[in-house]
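Summary of the model geometry
Here are the chains, one letter per residue:
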Amino acid sequence: MITESLRHCIGIGPVRLSQLHDAGIRSWHDVIEHASKIPSGIRENLLSEARRAQAALDQNDIGYFVGHFCPQDKWRILSEFLDQTSYFDIETSGLDIDASITVIVCWHRGRFHTFVEHENLDDFLDLLDDVKLLASFNGASFDVPRILDAFHIPRLPCPHIDLRWSCYHAGLRGSLKNIERK
């Protein structure tokens, strides 16, 4: 599934994607094997990106895909790297900017980890060093910025994907509880 992502490539919008599909170009492999079917104006960019994406996949470079895929295709990352994904959520003492993180929970490598304020909260950073792909729901706008501020770090040491937006682009909107019910 991940190899069928072409929307992140320069010059590929919905119409061009449909034209490529009609021509039998549906994956990076198709781009490389059937380059002559690709319009000359986008051929070189598409070939280059197909090769870069395949190399990233071969090297298990999850960060490449998180950084390059368009929001509509980020679910493909999760489908490819599901077994390497860790899930987390935080609780805070409030919604104010200076509210402290009280609890962090993380499902990592088949185990549930809990980090509590004034006990072991800093240990979460050690766990992050072992995470290959971090997933959250609405974490891009809440959890991750809070983590960065609380620990005074410029960025996470691992790629992050926000499942809220994958759900949104799949037509599942609303809170996590609402989506769970659907």
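Every value quoted in this text rests on a predicted model; they were computed, and no experiment measured them.

Conventions adopted
- Residues numbered from 1 in each chain as written.
- Predicted model: local features only at pLDDT ≥ 70, side-chain atom pairs only at ≥ 80, totals over all residues.
- Heavy atoms only, no water.
- Core = buried A, V, L, I, M, F, W, Y, C linked by side-chain atoms within 4.5 Å.
- Buried < 20%, exposed > 50% of the residue type's maximum accessible area, 1.4 Å probe, protein only.
- Helix = DSSP H or I, 4+ residues; strand = E, 2+ residues; numbered from the N terminus.
- Contact = heavy atoms within 4.5 Å.
- Phe/Tyr/Trp six-rings, centres within 6.5 Å; stacked < 30°, edge-to-face > 60°.
- Lys NZ or Arg CZ within 6 Å of the ring centre and 35° of its normal.

What about the nonpolar core?
Core analysis: the largest hydrophobic core is formed by 33 residues, its most contacted members being Trp28, Val31, Leu46, Phe65, Ile77, Phe81 and Leu133. With seven residues, the single largest contributor to this core is helix H3 (residues 40-58). Beyond its immediate sequence surroundings of up to four residues, phenylalanine 81 is in contact with Ile2, Leu57, Asn60, Ile62, Phe65 and Leu133. Of all hydrophobic cores here, the second largest spans 18 residues; its members include Ile90, Val144, Ile147 and Phe151.

Topic: the packing of aromatic side chains
All told, the structure shown has seven aromatic pairs when counted by the stated rule. A centroid spacing of 6.0 Å and a plane angle of 5 degrees characterise the contact between tryptophan 28 and phenylalanine 65, whose relative ring orientation is stacked. Remark: phenylalanine 65 occurs in helix H4 (residues 62-68) and tryptophan 28 occurs in helix H2 (residues 28-33); sequence separation between them is 37 residues. Of the two residues examined, tryptophan 28 and phenylalanine 65, each falls in the buried class. An aromatic cluster of at least three residues, connected via ring pairs, comprises Trp28, Tyr64, Phe65, Phe69 and Phe81. Geometry around tyrosine 168 places arginine 173 over its ring, the cationic atom sitting 4.0 Å from the centre.

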